[in-house]
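Residue-level listing of the chains:
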Amino acid sequence: MTTKSVQRLDRVVIRFAGDSGDGMQLTGDRFTAETAALGNDLATFPSFPAEIRAPAGTLAGVSSFQLHFADHDVLTPGDQPDVLVAMNPAALRANVGDLPRGGVVIVDSDSFSKRNLAKVGYTTSPLEDDSLSSFQVHDLPLTSMTAKALEEFGLSRKDAERSKNMFALGLLSWLYDRPTEGTERFVRAKFASKPDILEANLAAFRAGWAFGETTEAFAVRYEVAPAEHEPGTYRNVTGNVALAYGLVAAAHRSGLGLLLGSYPITPASDILHTLSGLKRFGITTIQAEDEIAGVGAALGAAFGGSIGVTTTSGPGLALKSETISLAVSLELPLVVIDVQRGGPSTGLPTKTEQADLLQAMFGRNGESPVPVIAPSSPVDCFATAMEAVRIATTYRTPVLLLSDGYLANGSEPWRLPSVDDLPAMDVDFATVPNATSDDGTPAFRPYLRDPDTLARPWAVPGTPGLEHRIGGLEKADVTGEISYDPDNHETMVRLRASRIDGIEVPPLEVEDPDGGAQVLVLGWGSTYGPIAAAVRTARAAGLSVARAHLRHLNPLPQNTGDVLRRYERVLVPEMNSGQLALLLRARYLIDITGYNRVRGMPLGAAEIDEAIRKLAQEDSTVEGQR
Amino acid sequence: MTTVDMPTPAHRSGLEGVPAVGDGVTQTKKDFTSGSEVRWCPGCGDYAILAAIQGFMPELGIRRENVVCISGIGCAARFPYYLDTYGMHSIHGRAPAIATGLAASRPDLHVLVATGDGDALSIGGNHLVHALRRNVNLTILLFNNRIYGLTKGQYSPTSEVGKVTKSTPAGSVDAPFNPVSLALGAEATFVARTLDSDRKHLTSVLRAAVEHRGASLVEIYQNCPIFNDDAYQVLKDREAGEARLIRMEHGEPLVFGPESDRRAVVPSSRGAGVEVVAAADAADRAVVHDVHTEDPTLAFALSRLDDPQMAHVPIGVFRDVDRPAYDDLVRDQVTAAREAAGGPATDGDLADLLAGNDTWSIA
């Protein structure tokens, strides 16, 4: 065994890339779990094609998983990978362009056959010409080494080769000194019913580790020390799972049942999958016949006194518009979750975007305002889901929660909250008549409002004496009878708007360390990580920059206008063509500089940093702050 | 993929779980009549249906606060406003979807859906067939007047071919749905047809529909005096009606018509269906009606006797079979999950869920 030198690094970005069938998501997940167990801070970015199994070996079929881990707090999955693991020529070709000079490339040389090279347009092998000369290339016969390690198991060649991802995982685990117990435990549980495959995967994993230890190919082994974390118990969590758990927590705290009506759609389906397994928490899931039925079932359950939830992505939100508008008229609680993806139309189902903000705000007929909120990170999906339920049940309104594909599938460590510390969710139903009719008998007025919240009473079927009819026709103020009276309609339009405008939301907090910044970078949703990382870099370079992030998009925090007016320049980076910027300009008559990309990819910290510097250069007053 | 065996509950009433009125309490038609002014056109068949239902509901002995009527859009969809129960006048075609969510979350409610031929079969066709397929415990009243009334007279999915309307000046080229055939094809467990003008028949069919656990579809032939007047006049006219209406009764041979022209439904001599022959020629071949047979073939064949000319129109219950109701099964799974875990979730259970099985601690 050779003695390896050990080098300490403060941060590493690794991207695993291979064919859709190569198990790259699993490999990435496992490496992430090992990294979490070691105590690094981390962020992940899985990226995969919309096709389940695109033709093998093609660019269209490349699936990747990027992980950024460090001995300090991590805000993004990293703009560029330091290390690229490419299981075939397609994976190399699709990803090598993202690698900085000097980056490490580990490839499975067995897959670099003439045929596989030709499939992606390589006329010569990049392992043999000098096209990779600016990188540190390790071309290793991963497939044949895996097959050799598994000879004794008597598996078919195909089955044996299938474990090559575990060999690669073993090798990388060695290279970065990751703990392996978790992966061993995971393999034993996953393949418990298939002892042959179980043993083969373990053997491949261990062979990869042993290869690292013995080969001359890697002279250096790396260590990334644990990050400083607040004391507590942690787990790794994706945005979709955190969001589902937030809904469960809200239902549990409120004591109400929760009914999810949903139709499968990428990238939201994992919320349906997660909730459908949590029946013991009083969760009912209905996989509806279409998007409209999904939200319809949720609204029906809300009428009956449950927390009604529907989950979807942009195309589904379009279909649900009419029902959401009905909920606006009925003034019933409803939680609508849109996990945004690239549009228009079917667009980029597996890629991220923030382009449904205006649809969420305005995508309904008539004046139908709804509250809109957005989580800023995978972990924040938990608290934001609870906030959606709070607003919906307190103000009797549909609430739109805008997550996105990046938050949905990305993961990060989560310091587990104590259940006692979770927000209270007190919901009161109407139980007795709230008025007196002309003849002196008790009466129920379904649209008689709470003076503070302007919410109407939530009177559920089964409550004697409160029988009433509601519907999508305009209703008379207070009584809820059908009314075509012009003045009443205007009153009702204004009341519905006032109710939403009056929702209590916390003030916008600004991070402005030296208090003298002239530039404010304002974001919403999943751009939180890259914006925060970019601002950190800009400040390290001596720029004075303030930063703020909106969770509540409607209503906006009351101090938003004051905050915006405090700064000479406001930069709003968005993964759309400027939707928040449009809203802010219209609302506050303030000029906004947008930084807008719509590549189906999360924004990179470096590009936002560049946008900040460009803005700072344009503004000599900011120069003067240096 | 794997499948698991699902339980097959014993026969249950459609009203099981819905609280009854207290001892000595009697409800009357007035209890089910809301104060809202009824705004259908004079002569509309909906008045008769409303009166029949307001008169019939008290007989069920259930608390009116546990009755919910959900509708979509159309003339029929105004129905909930006139019943002094809980109600929702929702959006076009979506009532079955909304009712599904309500029924799944509340076992103690009797949920009615009031819909029309446009609402249920055109814009809401998808929701109707899926509510029937799932067998959600709903009573669905489909008011079929073969026309769009509220939008002032366009043809509907049940209008006959060639019908001249505002939107089909040269005659409709759309082939119509037969709602009973459609429902049977959608795996409905209870399908019936009745007439707005026959209070006694309407009430008896409704009673069977409410008693059925699962989705009950009741097609009600309903007259629109403004845009499609007398569409069913040949059935309502005493003599013409007697010759055409096949009043189906479970266990009885399907024989109908006046003594002078007695007819019988017999197995078809030309195919798998049934046909109508002179009773004298039927000998003992007349089909004996069986609403409880699992095989829907007979019910379907009977539904095909009807045609736009209405030469022979079966009314009554076509099919009434037991199959677990969707909402019961959904609730049973929640109950089973709770029981398996030792009861409703505690704060500790929630903490365990959030933690998962791969945590690490930092001191």
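Note that this is a predicted model, so its numbers are computed, not measured.

Cut-offs used in this document
Residues numbered from 1 in each chain as written. Chains lettered and ligands numbered in written order. Predicted model: local features only at pLDDT ≥ 70, side-chain atom pairs only at ≥ 80, totals over all residues. Helix = DSSP H or I, 4+ residues; strand = E, 2+ residues; numbered from the N terminus. Rg over C-alpha atoms; globule rule 2.2 N^0.38 Å. Buried ≥ 20, exposed ≤ 12 C-beta atoms within 10 Å, placed from the backbone. Contact = placed C-beta atoms within 7 Å. Pairing = 2+ DSSP bridges. Axes fitted to C-alpha atoms, helices over the stretch in contact; angles between N-to-C directions. pLDDT = per-residue confidence, 0-100. Parallel < 35°, antiparallel > 145°, perpendicular 65-115°, else oblique. Left-handed = near helix turned anticlockwise from the far one by under 90°. Nonpolar A, V, L, I, M, F, W, Y, C, P; charged D, E, K, R; others polar. Core = buried A, V, L, I, M, F, W, Y, C linked by C-beta atoms within 7 Å. Expected span 1.5 Å × (residues − 1).

### Considering the overall build of chain B
Within chain B one finds 12 helices and 12 strands. The C-alpha atoms of chain B give a radius of gyration of 23 Å, which matches the 21 Å a tight globule of 363 residues would have. By principal-axis analysis of the C-alpha atoms, chain B measures approximately 95 × 50 × 50 Å. Scored against the burial criterion, the 363 residues of chain B give a buried share of 47%. A separation of at least 24 residues holds for 66% of the contacts in chain B among residues at least 6 apart in sequence.

### Observations regarding the overall build of chain A
When its secondary structure is counted, chain A shows 21 helices and 25 strands. The principal-axis extents of the C-alpha atoms in chain A amount to approximately 95 × 65 × 45 Å. Taking the intrachain contacts of chain A between residues at least 6 apart in sequence as the baseline, contacts between residues at least 24 apart amount to 76%.

### Some words on the sheet that holds strand 19 (residues 469-471) of chain A
Ordered in space as 19(A)-2(B)-1(B)-3(B)-4(B)-6(B)-5(B)-11(B)-7(B), the 9 strands form an open sheet in which the pairing is mixed. Edge strands, defined here as strands with exactly one partner in the open sheet, are strand 19 of chain A together with strand 7 (245-247) of chain B. Across this sheet, the average inter-strand angle for adjacent strands is 20 degrees, counted without regard to direction. Bridge analysis of strand 19 of chain A against strand 2 (residues 86-89) of chain B gives 3 bridges, and the strand direction is parallel. Within the sheet, the bridge partner assigned to Gly471 of chain A lies in strand 2 of chain B and is His89 of chain B.

### Observations regarding the confidence of the model for chain B
Per-residue confidence for chain B gives a mean pLDDT of 95, with 99% of residues at or over 70. Here the complex is predicted with pTM 0.94, and the ipTM for its interfaces comes to 0.97.

### Thoughts on the interface of chain B and chain A
Contacts between chain B and chain A engage 51 residues on the former and 55 residues on the latter. The set of elements that each furnish at least two residues to the side of chain B that touches chain A consists of strand 2, helix 2 (95-105), helix 4 (125-134), helix 11 (326-340), helix 12 (347-355) and strand 12 (359-362) of chain B. Broken down by element, the residue count for the side of chain B that touches chain A peaks at 8 residues, all from helix 2 of chain B.

### Regarding the pairing of strand 4 (residues 62-70) of chain A
All names here are of chain A. With 9 of its 9 residues buried, strand 4 lies for the most part within the structure. Here strand 4 shows no split at all, with Val62, Ser64, Gln66, His68 and Ala70 on one side and Ser63, Phe65, Leu67 and Phe69 on the other all buried. Note that strand 2 (residues 11-19) and strand 4 share 9 bridges and pair antiparallel. Bridging across to strand 4, Val13 finds its partner in His68. In this structure, strand 3 (residues 41-47) lies alongside strand 4, joined through 7 bridges in antiparallel fashion. Considered in strand 4, the bridge of Thr44 is made with Leu67.

### Things to note about the environment of Ser437 of chain A
All names here are of chain A. With respect to the helices and strands, the residue Ser437 is situated in the loop between strand 17 (435-436) and strand 18 (442-443). The class for Ser437 is exposed, based on 12 C-beta atoms found within 10 Å. Between the C-alpha atom of Ser437 and that of Gly246, which follows or precedes it by 191 residues, the distance is 42 Å.

### Details of the packing of helix 17 (residues 528-540) of chain A against helix 20 (residues 605-618) of chain A
Any two packed helices are characterised by how steeply their axes cross, that is the angle between the axes, and by the distance between the axes. Residues and elements named next belong to chain A. At a minimum axis distance of 8 Å, the contact between helix 17 and helix 20 shows a crossing angle of 55 degrees. What the angle tells us is that helix 17 and helix 20 run oblique. With respect to the hand of their crossing, helix 17 and helix 20 are arranged in right-handed fashion. Here helix 17 contributes Pro530, Ile531, Ala533, Ala534, Thr537 and Ala538 to the contact with helix 20, which in turn contributes Ala605, Ile608, Asp609, Ile612 and Arg613. Of the residues contributing to the contact of helix 17 with helix 20, the split by class is 8 nonpolar, 1 polar and 2 charged.

### Concerning the environment of Ser167 of chain B
Residue and element names in this part refer to chain B. With respect to the helices, strands and loops of the structure, Ser167 is situated in the loop between strand 4 (139-144) and helix 5 (179-185). Among the residues examined, Ser167 registers 11 C-beta atoms within 10 Å and is labelled exposed. Taking the C-alpha atoms as reference, Ser167 lies 40 Å from Arg213; in sequence the two are 46 residues apart. In this view, Ser167 contacts Gln154 and Tyr155; residues no more than four positions away in its chain are not counted.

### Things to note about the packing of helix 4 (residues 142-149) of chain A against helix 6 (residues 164-175) of chain A
All names here are of chain A. Interaxial distance between helix 4 and helix 6 falls to 9 Å at its minimum, and their mutual angle equals 100 degrees. Our classification of the angle between helix 4 and helix 6 gives roughly perpendicular. For the pair formed by helix 4 and helix 6, the contact residues are Leu142, Thr143, Met145 and Thr146 on the first element and Lys164, Phe167 and Ala168 on the second. Class assignment for the residues of the contact of helix 4 with helix 6 results in 4 nonpolar, 2 polar and 1 charged.

### Some thoughts on the sheet that holds strand 6 (residues 104-108) of chain A
All names here are of chain A. Taken in spatial order, the 6 strands line up as 3-4-2-5-6-7 in an open sheet, and their pairing is mixed. One side of each edge strand has no neighbouring strand; the edge strands of this open sheet are strand 3 and strand 7 (136-140). Adjacent strand axes in the sheet meet at a mean angle of 15 degrees when their direction is disregarded. Where strand 6 and strand 7 come together, 5 bridges link them in parallel fashion.

### Points about the pairing of strand 10 (residues 274-278) of chain B
In summary, the side chains of a regular strand alternate between the two faces of the sheet. Residue and element names in this part refer to chain B. Direction of pairing for strand 9 (residues 263-267) relative to strand 10: antiparallel, over a ladder of 5 bridges. Paired with Arg263 across the two strands is Ala278, which belongs to strand 10. Taking the residues between adjacent antiparallel strands as the criterion, strand 9 and strand 10 are bridged by 6 residues.

### Concerning the nonpolar core
Formed by 278 residues in total, the largest nonpolar core has its most connected members in Leu247, Val335, Val519 and Ile612 of chain A. The contacts of Leu247 of chain A, once residues within four sequence positions are left out, are Leu258, Leu275, Val309, Ala385 and Val389 of chain A.

### So, helix 1 (residues 24-38) of chain A
Residues and elements named next belong to chain A. With 15 residues, helix 1 ought to run about 21 Å at 1.5 Å a step, and its terminal C-alpha atoms sit 21 Å apart, in line with that. Of all the 15 residues making up helix 1, 13 are buried; the element is thus mostly covered by neighbouring parts of the structure. A positive phi of about 105 degrees marks Gly39, the residue just after helix 1.

### Examining unusual backbone geometry
For residues other than glycine, phi is negative in most cases, and the peptide bonds are mostly trans. All names here are of chain A. The linkage connecting Thr266 with the following residue, Pro267, adopts the cis geometry, with an omega of 0 degrees. By the element assignment, Pro267 lies in the loop between strand 10 (258-262) and helix 10 (269-276). Note the cis peptide between Gly343 and Pro344, where omega equals 5 degrees. Relative to the assigned elements, Pro344 resides in the loop between strand 13 (334-340) and helix 13 (357-362). Phi is positive for Arg396, which is not a glycine, with a value near 50 degrees.

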